[in-house]
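# Topology and contacts: notes
So you can see what is in the structure, the chains are spelled out below.
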Amino acid sequence: MEMSQYLEVFIEESKEHLQACNQLLLELEKNPADLQLVNEIFRSAHTLKGMSATMGYEDLANLTHQMENVLDAIRNKKIKVDSHILDVVFLSVDHLEAMIESIASGGDGKMDVTEVVQKLKIIEDGKGLDAVQSAQEDALEQSKDSYSAIDYDDYEMTIIMQSKELGYNTYEVDITLTEDCLLKAARVYMVFEVLEKNGEIVKSSPSTTELEEEQFEQSFSVTVVTNEEKDSLKSALLKISEIENVEIKAFNSPVQETNIKAGASIVDTENQKPIRSEEETVQSIKQPTNKTIRVNIERLDILMNLFEELVIDRGRLVQISQELNNQELQETVEHMSRISADLQNIILNMRMVPVETVFNRFPRMVRQLARDLHKKINLEIIGAETELDRTVIDEIGDPLVHLLRNAIDHGIETPEERRSKGKPEEGTVILKAYHSGNHIFIEISDDGAGINKDQILRKALSKGIITEQEMVGLSQQEIYNLIFSSGFSTADKISDVSGRGVGLDVVRNTIESLGGTVSIDSNEGNGSTFSIVLPLTLSIISAMLVEIQNEKYAIPLSSIIETAIVKREDILHTHSQQVIDFRGKVVPLIFLKDIFEINHTYAENEETLSVVIVRKGDKLAGIVVNSFIGQQEIVLKSLGNYLTNVFAISGATILGDGQVALIIDCNALIK
Amino acid sequence: METISSTIKLIVFKLKEKEYAIKVNEVLSIEKVNHITRVPGTEKFVKGVINLRGIVVPIIDLRSRFDLEEASYNENTRVIIAVMNEIEVGLVVDSANDVIDIPEDALEPSPEVIGAEVADYIQAVAKLDSRLLILIDLDKVLAIEEAS
């Protein structure tokens, strides 16, 4: 059978299930007694097993099968959850992830899993210890237990959940036919008819087809959603002849609550489930849900590219209409501009992905790190739903990993140290994302040791990053920022965990290449906070177009504070630089015509200078230009693979007249 | 007579009255010179970038690249858009007006000293009747010297 068409769906869903496993396992570690969690993990593993077996990935199926056994044993209280068991389960999830990765990258998903399988087997068999006790518990549990004996998949659970919300009851109806019953299928049919008259059938065990083929002994059970009472249902069923006994239990889902919480994701998966026969019958009581479709990201990229072309043409149209000065044309162009601005918003929003996709791999990593470093760490994630452009998401993972590792390795102290300082043994790392204006803020703060200024200065001196003279006038912020210099590492002990001093400058470079900034704030003894500010999107930005001699450049609006006209006599000369006094601050002037070696085609004897005040962090600079052209939405284009690392140029854009204008990288201009 | 089993297609262009050639599979298109936006801080022979149907393409002046005297651009000046290893560039040449097929064995890999300054960028030379074509080595043309 040709499977390749399902491969993509398989990979996507497997990843989702593994992610769910990861999260639930972490929760389980916190609440080992919570069997609902085990149930959910079991279900994810079960689905995964089924899918991978269907797709023919045996190793994957094998491992999930074994993992499922262990989970099942936990679920049935045959074994107790402890960190040793969880470690092995985590390990298996790691292996599973690796296999899925291998499949995703075109591999065969094969892997030697015997060792882990062995470990899982040992755990599964290790139930001997408290088997007696748990068997007793088991019996007890079973008697008061109204847990279902039937396994429901996500889809069926959703229906049950939704009907419950609508006030319907869900019953599991166990029906036993008389021993001498001849036409079992006919009786089954009649039972179904009665039930469907009174409600909707969600599931039957054995399945409908098996029932129709009489592949069962005397009894079968049916799960039904209805607004009838138990008793009336029972009496209706007993009217059918050849029925010996009817047992009706209210359905009590062990996973009910968590399921409601996870409602969104379930609704999501629902769309991809193969349509079941039940679906038609249940449709009537299903709540209208938000319909979603999966779109290949490539298509969105194509859409974006086409739209970028449109933006360029829009710029051109605006220019033409201004030149022609025809009112009707101008009105139409204005209208079109407004519509395309709306369109732009929609397209950009479509490309937005919650940072969750990056964040959700961190809890695992932090757990592992904390164990390796023998530290106790609680990772709090706030604002995981904050959305960012996909291109930014793709890039932001590694810097964040680095900063987190940094916070855990260098920031948080060992439990002993913390105790002696009167802090709780468990250190807290907070990862917070939020949205403000056109920017996304991501903060990583820890309640660790903070940054020792003197230590940084000493290090920076010894590494030759700064000189003694430079050291004198540095503000606190500037000192902290030294950490980001290349060739700097504050950890006295070089560890595997966070870098060998190659780290933080790479972090800064990555973030700046995304058009963002990173800064540190620290309070010695009480921890530090790394703040990252990122633009919402990378492909279309607002920029100020300026003219220098006869060349046009674009300055991203995000780095501009304001524009000013400065009189020539107001320029002050310090020993090496020309500066202006701008609202009480001394701002150095940057003459682009010198930096960019622009030919002096005509002499300048103007009395005033046009200055664009830009900033990088809290540093300001004034870029001297000849004239301001205006503000415009521009499409970021790269200069291609040939021209890389052009100083102070971050890219190019195409203007309304078809010419290329370069985009100035203000970060490079301000030292 | 031997059959011409394998021929290669070349685009012939002129630089300072000499004929050069580039393999046609390395060429995307040939354009007229449009507005070139200078990119500051780049090599002398990088004249800037152009907008080629929405894509920003860097421009290399081949005269300047080959250390020939530079000439101002005129009617005949063409930009050959070439691509190699996913790098797209435009090469400014005096004119480009011929596409020819030549048998592969007409190519002589060892370049004689034609003009020492160009020698570094020559892949092969081809003698065709009275014409001498210099096949340029795009890889070397695009290579960025370590010194820069």
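Every chain begins its residue count from 1, and numbering advances along the sequence as written. Ligands are numbered from 1 and chains lettered from A, in the order in which they are written. Totals for whole chains, interfaces and linings use every residue, but because this is a predicted model, local features are given only for residues with pLDDT of at least 70 and side-chain atom pairs only at 80 or more, for both listing and counting.

### Describing the interface of chain B and chain A
We count it as follows: Contact definition: two residues whose C-beta atoms, as placed from backbone geometry, lie within 7 Å. Only DSSP runs of H or I reaching four residues or more are called helices, and only runs of E reaching two or more are called strands; each is numbered from the N terminus. Gly is placed with the polar residues, together with every amino acid not listed as nonpolar (Ala, Val, Leu, Ile, Met, Phe, Trp, Tyr, Cys and Pro) or charged (Asp, Glu, Lys and Arg).
Listed as interface residues are 20 residues of chain B and, on the opposing side, 21 residues of chain A. If you list the elements that add at least two residues to the side of chain B that touches chain A, you get strand S4 (46-52), strand S5 (55-61) and strand S7 (87-93) of chain B. Counting residues per element, the side of chain B that touches chain A draws most heavily on S4 of chain B, at four residues. Residue composition of the side of chain B that touches chain A, by class: eleven nonpolar, six polar and three charged.

### Points about the UniProt feature "modified residue: Phosphohistidine" (unreviewed entry) in chain A
Put simply, the test is: UniProt positions are given in the numbering used here, feature names are shortened, and annotations may be inferred rather than shown by experiment.
The sites that carry the UniProt feature "modified residue: Phosphohistidine" (unreviewed entry) are, in the present numbering, His46 of chain A. Take His46 of chain A: it is sitting in helix H2 (residues 35-55).

### A look at the sheet that holds strand S3 (residues 27-32) of chain B
Residues and elements named next belong to chain B. Going by this rule: Strands are labelled as partners when DSSP assigns at least two bridges between them. What counts as an axis is a line fitted to C-alpha atoms, over the stretch in contact for a helix, and the angles between N-to-C directions run from 0 to 180 degrees.
Across the sheet, which stays open at both edges, the five strands sit in the order S3-S6-S7-S5-S4 with mixed pairing between neighbours. At either margin of the open sheet sits one strand with a lone partner, and together these are S3 and S4. The average undirected angle you get between the axes of adjacent strands in this sheet is 30°. The pairing of S4 with S5 spans six bridges and is antiparallel. Across the sheet, the residue bridging to Val49 is Pro58, located in S5.

### Points about unusual backbone geometry
A positive phi is found at His374 of chain A, a non-glycine position, where the angle reads about 55°. As for its placement among the helices and strands, His374 of chain A is situated in the loop between helix H17 (362-373) and strand S6 (377-382). Notably, Asp67 of chain B is not glycine yet its phi reads approximately 60°, a positive angle. Note on placement: Asp67 of chain B falls in the loop between helix H1 (62-65) and strand S6 (78-84).

### Some words on the packing of H2 of chain A against helix H3 (residues 58-75) of chain A
Residue and element names in this part refer to chain A. Heads up, the condition is: Roughly parallel here means an angle under 35 degrees, roughly antiparallel means over 145, roughly perpendicular means 65 to 115, and every remaining angle is called oblique. In a left-handed crossing the near helix is turned counterclockwise from the far helix by less than a right angle, and in a right-handed crossing that turn is clockwise.
One way to put it is that H2 packs onto H3 with a least axis distance of 9 Å and a crossing angle of 160°. Here H2 is positioned roughly antiparallel relative to H3, judged by the angle of their axes. H3 is crossed by H2, and the crossing has left-handed handedness. In this structure, H2 contributes Leu35, Val38, Asn39, Ile41, Phe42, Ala45, His46, Leu48, Lys49, Ser52 and Ala53 to the contact, and H3 contributes Leu60, Ala61, Thr64, His65, Met67, Glu68, Leu71, Asp72, Ile74 and Arg75. Across the contact of H2 with H3, the residue classes tally to twelve nonpolar, five polar and four charged.

### Here's the deal with the packing of helix H8 (residues 184-198) of chain A against helix H10 (residues 230-238) of chain A
All names here are of chain A. At a minimum axis distance of 10 Å, the contact between H8 and H10 shows a crossing angle of 150°. The orientation of H8 relative to H10 falls into the category roughly antiparallel. You can see that H8 and H10 cross each other, and the crossing is right-handed. Contacts between H8 and H10 pair Val191, Val194 and Asn198 from the former with Leu233, Ala236 and Leu237 from the latter. When grouped by side-chain class, the residues that make up the contact of H8 with H10 number five nonpolar, one polar and no charged.

### Notes on the environment of Phe45 of chain B
Residues and elements named next belong to chain B. Residue placement: Phe45 occurs in the loop between S3 and S4. For the pair formed by Phe45 and Arg65, sequence separation is 20 residues and the distance between their alpha carbons is 5.3 Å. Not counting residues within four places of it along the chain, the set of residues in contact with Phe45 comprises Ile60, Asp61, Ser64 and Arg65.

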